[in-house]
Amino acid sequence: MSSIVTDEVSVAIHDATLDVGGAPDWIMVIPSDGFSGRDGRGPYEVDPQKVIERTLALGFSAGLPIDYDHASDFAAPNGGRAPAAGWMTDFQVRDGAIWAKVE
């Protein structure tokens, strides 16, 4: 698998159901055949059901944020802003890939 993120994004958007003139309701967050980081680390393979279970166990009542530049990990703990582009509110395994519903 290529470590180029745009390959994964184009597949997710291509396969997603699009609202007219809007962003997709569902996005692929982890492909079925694993992934590598942009820095070359990996490839990583995960158990999709365990990832979903552990994500839901975090207890984010509003959903898991899709933030900018990992701001919720790096800026927010130091009092900085962590704006979200969206919130992942539901998860599904589709053909081994993890998909998230985004609001």
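Below is a short write-up of the structure. The residue numbering used here restarts from 1 in each chain and proceeds along that chain's sequence as written. Under the rules for a predicted model, residues below a pLDDT of 70 receive no local features and side-chain atom pairs below 80 are neither given nor counted, while totals for whole chains, interfaces and linings still include all residues. Note that the side-chain values use all heavy atoms of the structure and ignore hydrogens as well as water.

1. Thoughts on the overall build of the chain
Phase 1 of the analysis: Within the chain, the regular secondary structure consists of 3 helices and 4 strands.
Phase 2 of the analysis: Here a strand is any run of E in DSSP of at least two residues, a helix any run of H or I of at least four, and the numbering for each starts at the N terminus. Ordering the α and β elements of the chain from the N terminus gives α-β-α-β-α-β-β.
Phase 3 of the analysis: Residues counted as buried form 24% of the 103 residues belonging to the chain.
Phase 4 of the analysis: In what follows, a contact means two residues having at least one pair of non-hydrogen atoms within 4.5 Å. Counted over contacts in the chain with a minimum sequence separation of 6, partners at least 24 positions apart contribute 49%. When a residue's accessible area, from a 1.4 Å probe over protein chains only, is under 20% of the maximum for its type it is buried; when over 50% it is exposed; and in between it is partly exposed.

2. Considerations on the nonpolar core
Phase 1 of the analysis: In this structure, Ile 30, Ile 52, Met 88, Phe 91, Ile 98, Ala 100 and Val 102 together form the largest nonpolar core, which totals 7 residues.
Phase 2 of the analysis: Of all the secondary-structure elements, those providing two or more residues to this core are β3 (84-94) and β4 (97-102).
Phase 3 of the analysis: Per-element tally for this core: the top contributor is β4, with 3 residues.
Phase 4 of the analysis: The residues touching Phe 91, leaving out its near neighbours within four places in the chain, are Trp 26, Ile 52, Thr 55, Leu 56, Leu 64, Ile 98, Trp 99 and Ala 100. Take the buried residues of types Ala, Val, Leu, Ile, Met, Phe, Trp, Tyr and Cys, join any two whose side-chain atoms come within 4.5 Å, and each joined set is a nonpolar core.

3. Observations concerning the packing of aromatic side chains
Phase 1 of the analysis: Aromatic contacts are taken between Phe, Tyr and Trp rings whose centres are within 6.5 Å, Trp giving its six-membered ring; a plane angle under 30 degrees counts as stacked, one over 60 as edge-to-face, and the others as tilted. This model, assessed by the stated rule, comprises 1 aromatic pair.
Phase 2 of the analysis: With a centroid separation of 5.5 Å and 40° between ring planes, the pair formed by Phe 35 and Tyr 44 is classed as tilted.
Phase 3 of the analysis: For a Lys NZ or an Arg CZ to count as sitting over a ring, it must be within 6 Å of the ring centre and within 35 degrees of the ring normal. The ring of Trp 99 has Arg 94 sitting right over it, with the charged end atom 4.7 Å from the ring centre.

4. Details of the sheet that holds strand β2 (residues 64-67)
Phase 1 of the analysis: Only strands that DSSP links by at least two bridges are regarded as paired with each other. If you walk across this open sheet you meet the 4 strands as β1-β4-β3-β2, and the pairing is antiparallel. Only two strands of the sheet have a single neighbouring strand rather than two, namely β1 (26-30) and β2. Across the sheet, the axes of successive neighbouring strands diverge by a mean angle of 45°, strand direction being ignored.
Phase 2 of the analysis: With 4 bridges joining them, β1 and β4 adopt antiparallel strand pairing. If you follow Ile 30 over to β4, its bridge partner there is Ile 98.
Phase 3 of the analysis: This element, helix α2 (residues 48-57), spans β1, β2, β3 and β4 of the sheet and lies at about 140° to β3. Interaxial angles span 0 to 180 degrees and are taken between N-to-C directions of axes, which are lines fitted to C-alpha atoms, for helices over the stretch in contact.

5. Observations regarding α2
Phase 1 of the analysis: By the burial criterion, the buried members of α2 are Pro 48, Ile 52 and Thr 55. One side of α2 carries all its buried residues, which in axial view fall inside an arc of 65°. Exposed and oriented more than 90 degrees from the buried face of α2 are Arg 54 and Ala 57.
Phase 2 of the analysis: On the buried face of α2, the contacting elements are β2, β3 and β4.
Phase 3 of the analysis: Capping the start of α2, Asp 47 holds a side-chain oxygen 3.1 Å from the backbone nitrogen of Gln 49, two or three residues further along.
Phase 4 of the analysis: A positive backbone phi angle near 75° is found at Gly 59, which sits one or two residues after α2. Summarising the geometry, the arc corresponds to the directions from the helix axis toward the C-beta atoms. As used in this structure description, the phrase polar contact means that two N or O atoms lie within 3.5 Å; if the pair is within protein, one of them must be able to donate a hydrogen and the other to accept it, and residues adjacent in sequence are counted only when both atoms belong to side chains.

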